[in-house]
Amino acid sequence: MFKKHGGTPVGTRLKTVALVQCILQVLIAVVIAFVYGRNPRGDFNTLYFLGILIVAAIEIFLTTLIFYCIGDAAENAWNAVSGLEEIKQMLKKVYGDKLNTQVSTGMIMCPKCGVFNDALRETCKVCGTKLKRTETESES
Ligand SMILES: [Zn+2]
(Lines give C-alpha, C1' and ligand atoms only; values in the text may rest on other atoms or scores of the structure.)
Protein backbone atom coordinates (compact mmCIF):
# COMPACT_ATOMS: atom_id res chain seq x y z
CA MET A 1 0.00 0.00 0.00
CA PHE A 2 2.80 2.43 0.84
CA LYS A 3 5.11 3.64 -1.86
CA LYS A 4 8.75 2.69 -1.55
CA HIS A 5 11.51 5.24 -1.53
CA GLY A 6 12.84 3.81 -4.77
CA GLY A 7 15.30 0.98 -5.15
CA THR A 8 15.04 -2.30 -3.31
CA PRO A 9 14.69 -2.08 0.46
CA VAL A 10 17.72 -3.40 2.33
CA GLY A 11 15.54 -5.99 4.08
CA THR A 12 14.26 -7.48 0.84
CA ARG A 13 17.79 -7.64 -0.50
CA LEU A 14 18.96 -9.38 2.68
CA LYS A 15 16.21 -11.96 2.27
CA THR A 16 17.39 -12.62 -1.28
CA VAL A 17 20.96 -12.93 0.01
CA ALA A 18 19.71 -15.40 2.64
CA LEU A 19 18.13 -17.56 -0.03
CA VAL A 20 21.10 -17.40 -2.41
CA GLN A 21 23.69 -18.18 0.27
CA CYS A 22 21.47 -21.03 1.49
CA ILE A 23 21.43 -22.65 -1.96
CA LEU A 24 25.17 -22.08 -2.39
CA GLN A 25 25.93 -23.60 1.02
CA VAL A 26 23.80 -26.65 0.25
CA LEU A 27 25.71 -27.19 -3.01
CA ILE A 28 29.06 -26.75 -1.28
CA ALA A 29 28.00 -29.06 1.55
CA VAL A 30 27.02 -31.79 -0.91
CA VAL A 31 30.37 -31.48 -2.71
CA ILE A 32 32.28 -31.55 0.59
CA ALA A 33 30.26 -34.55 1.76
CA PHE A 34 31.10 -36.41 -1.45
CA VAL A 35 34.80 -35.51 -1.23
CA TYR A 36 35.30 -36.09 2.50
CA GLY A 37 32.57 -38.63 3.22
CA ARG A 38 35.19 -41.39 3.22
CA ASN A 39 36.80 -43.55 5.83
CA PRO A 40 40.61 -43.40 6.41
CA ARG A 41 41.15 -45.97 3.67
CA GLY A 42 39.49 -43.68 1.13
CA ASP A 43 36.32 -45.68 0.59
CA PHE A 44 32.97 -43.94 0.40
CA ASN A 45 31.35 -44.07 3.83
CA THR A 46 27.61 -43.42 4.20
CA LEU A 47 27.94 -42.56 7.89
CA TYR A 48 30.64 -39.92 7.30
CA PHE A 49 28.74 -38.64 4.27
CA LEU A 50 25.48 -38.20 6.24
CA GLY A 51 27.36 -36.83 9.25
CA ILE A 52 28.85 -34.03 7.15
CA LEU A 53 25.47 -33.29 5.59
CA ILE A 54 23.69 -33.12 8.96
CA VAL A 55 26.31 -30.76 10.46
CA ALA A 56 26.16 -28.65 7.29
CA ALA A 57 22.35 -28.61 7.35
CA ILE A 58 22.29 -27.30 10.92
CA GLU A 59 24.86 -24.64 10.08
CA ILE A 60 23.01 -23.63 6.90
CA PHE A 61 19.70 -23.50 8.72
CA LEU A 62 21.10 -21.22 11.42
CA THR A 63 22.87 -18.79 9.08
CA THR A 64 19.86 -18.62 6.76
CA LEU A 65 17.54 -18.03 9.72
CA ILE A 66 19.73 -15.21 11.05
CA PHE A 67 19.99 -13.58 7.60
CA TYR A 68 16.27 -13.95 7.07
CA CYS A 69 15.29 -12.55 10.49
CA ILE A 70 17.54 -9.52 10.07
CA GLY A 71 16.11 -9.03 6.58
CA ASP A 72 12.57 -9.30 7.89
CA ALA A 73 13.20 -6.82 10.71
CA ALA A 74 14.85 -4.40 8.30
CA GLU A 75 11.93 -4.76 5.91
CA ASN A 76 9.41 -4.01 8.66
CA ALA A 77 11.39 -0.98 9.77
CA TRP A 78 11.57 0.16 6.15
CA ASN A 79 7.81 -0.16 5.72
CA ALA A 80 7.17 1.73 8.95
CA VAL A 81 9.42 4.58 7.82
CA SER A 82 7.80 4.56 4.38
CA GLY A 83 4.39 4.73 6.04
CA LEU A 84 5.35 7.72 8.17
CA GLU A 85 6.86 9.41 5.12
CA GLU A 86 3.63 8.80 3.22
CA ILE A 87 1.48 10.26 6.02
CA LYS A 88 3.75 13.29 6.19
CA GLN A 89 3.41 13.82 2.44
CA MET A 90 -0.39 13.48 2.71
CA LEU A 91 -0.55 16.04 5.52
CA LYS A 92 1.68 18.36 3.53
CA LYS A 93 -0.65 18.08 0.56
CA VAL A 94 -3.71 18.85 2.71
CA TYR A 95 -2.28 21.60 4.89
CA GLY A 96 0.49 22.96 2.70
CA ASP A 97 2.79 25.44 4.41
CA LYS A 98 0.55 25.52 7.49
CA LEU A 99 2.10 22.22 8.43
CA ASN A 100 5.03 22.55 10.76
CA THR A 101 6.62 20.83 13.72
CA GLN A 102 3.83 22.03 16.01
CA VAL A 103 1.60 19.39 14.50
CA SER A 104 3.58 16.82 16.44
CA THR A 105 2.69 18.46 19.74
CA GLY A 106 -0.80 19.25 18.45
CA MET A 107 -1.13 22.59 20.21
CA ILE A 108 0.16 26.12 19.83
CA MET A 109 -0.02 28.68 22.63
CA CYS A 110 -1.44 32.13 21.96
CA PRO A 111 1.30 34.75 22.63
CA LYS A 112 -1.28 37.24 23.97
CA CYS A 113 -3.73 35.32 26.18
CA GLY A 114 -1.89 32.06 26.64
CA VAL A 115 -4.76 29.86 25.47
CA PHE A 116 -3.74 26.68 23.69
CA ASN A 117 -5.00 26.49 20.13
CA ASP A 118 -5.04 23.71 17.59
CA ALA A 119 -1.66 23.83 15.85
CA LEU A 120 -3.27 24.30 12.44
CA ARG A 121 -5.15 27.48 13.42
CA GLU A 122 -3.92 30.81 12.02
CA THR A 123 -5.42 32.95 14.75
CA CYS A 124 -6.25 32.45 18.45
CA LYS A 125 -9.74 31.07 19.03
CA VAL A 126 -10.24 33.35 22.08
CA CYS A 127 -8.70 36.73 21.26
CA GLY A 128 -8.02 36.42 17.54
CA THR A 129 -4.31 37.20 17.78
CA LYS A 130 -2.27 35.89 14.86
CA LEU A 131 -0.38 32.84 16.05
CA LYS A 132 3.35 32.99 15.49
CA ARG A 133 4.52 29.48 14.93
CA THR A 134 8.27 29.59 14.46
CA GLU A 135 8.87 31.85 17.46
CA THR A 136 6.68 29.75 19.77
CA GLU A 137 8.49 26.67 18.56
CA SER A 138 11.98 27.97 19.26
CA GLU A 139 10.96 28.88 22.82
CA SER A 140 9.78 25.38 23.72
ZN1 LIG B 1 -5.37 34.56 22.43
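As the structure is a prediction and not an experimental result, all values here were calculated from the model.

(A) Molecular detail of the overall build of the chain. Helices and strands together make up the secondary structure of the chain, namely 4 helices and 2 strands. From first element to last, N terminus to C terminus, the chain shows the α and β order α-α-α-β-β-α. When burial is assessed residue by residue, the chain has 7% of its 140 residues classed as buried. Considering only residue pairs separated by 6 or more positions, the chain has 44% of its internal contacts joining residues 24 or more positions apart.

(B) A look at helix 1 (residues 10-36). Its 27 residues give helix 1 an end-to-end C-alpha distance of 37 Å, which sits within 8% of 39 Å, the value for a rise of 1.5 Å per residue. The complete set of buried residues in helix 1 reads Leu 14, Lys 15 and Ala 18. Of the surrounding secondary structure, the elements contacted by the buried residues of helix 1 are helix 2 (46-95).

(C) Inspection of the packing of helix 1 against helix 2 at higher detail. Orientation of helix 1 relative to helix 2, taken along the N-to-C sense of each, is 175 degrees, at an axis distance of 8 Å. Considering their axes alone, helix 1 and helix 2 lie roughly antiparallel with respect to each other.

(D) Quick look at the nonpolar core. Core analysis: the largest hydrophobic core is formed by 5 residues, namely Ile 108, Cys 110, Ala 119, Cys 124 and Leu 131. Not counting the four nearest positions on each side in its chain, Leu 131 is found in contact with Ile 108, Cys 110, Asn 117, Arg 121, Glu 122, Thr 123 and Cys 124.

(E) Up close: the environment of Val 126. Its location among the elements puts Val 126 in the loop between strand 2 (116-118) and helix 4 (133-139). With 13 residues separating them along the chain, Val 126 and Cys 113 place their C-alpha atoms 7.9 Å apart. The residues contacting Val 126, other than those within four sequence positions of it, are Cys 110, Cys 113 and Val 115.

(F) Spatial organisation of the confidence of the model for the chain. In this model, the chain carries an average pLDDT of 80, and 82% of its residues clear a pLDDT of 70 or more. Looking over the chain, one finds the lowest element-wise mean pLDDT in helix 4, namely 49, and the highest in helix 1, namely 90. The model gives residues 100-104 a pLDDT under 50, and that stretch makes 8 contacts with residues more than four places away or in other chains. A low-confidence stretch, residues 135-140 stays under pLDDT 50, and its non-local contacts, those more than four residues away or across chains, total 5 contacts.

(G) Spotlight on the environment of Ile 28. Assignment of secondary structure puts Ile 28 in helix 1. Under the C-beta neighbour-count criterion, Ile 28 is labelled exposed, with 12 such atoms within 10 Å. Taking the C-alpha atoms as reference points, Ile 28 and Ala 56, 28 residues apart in sequence, are found 9.2 Å from one another.

(H) Main features of the environment of Leu 53. Mapped onto the elements, Leu 53 comes out in helix 2. Counting along the chain gives 24 residues from Leu 53 to Ala 29, while the straight-line C-alpha distance between them is 6.4 Å. For Leu 53, the residues in contact, after removing those within four places along its chain, are Ala 29 and Ala 33.

Criteria and thresholds
Residues numbered from 1 in each chain as written. Predicted model: local features only at pLDDT ≥ 70, side-chain atom pairs only at ≥ 80, totals over all residues. Helix = DSSP H or I, 4+ residues; strand = E, 2+ residues; numbered from the N terminus. Buried ≥ 20, exposed ≤ 12 C-beta atoms within 10 Å, placed from the backbone. Contact = placed C-beta atoms within 7 Å. Expected span 1.5 Å × (residues − 1). Axes fitted to C-alpha atoms, helices over the stretch in contact; angles between N-to-C directions. Parallel < 35°, antiparallel > 145°, perpendicular 65-115°, else oblique. Core = buried A, V, L, I, M, F, W, Y, C linked by C-beta atoms within 7 Å. pLDDT = per-residue confidence, 0-100.

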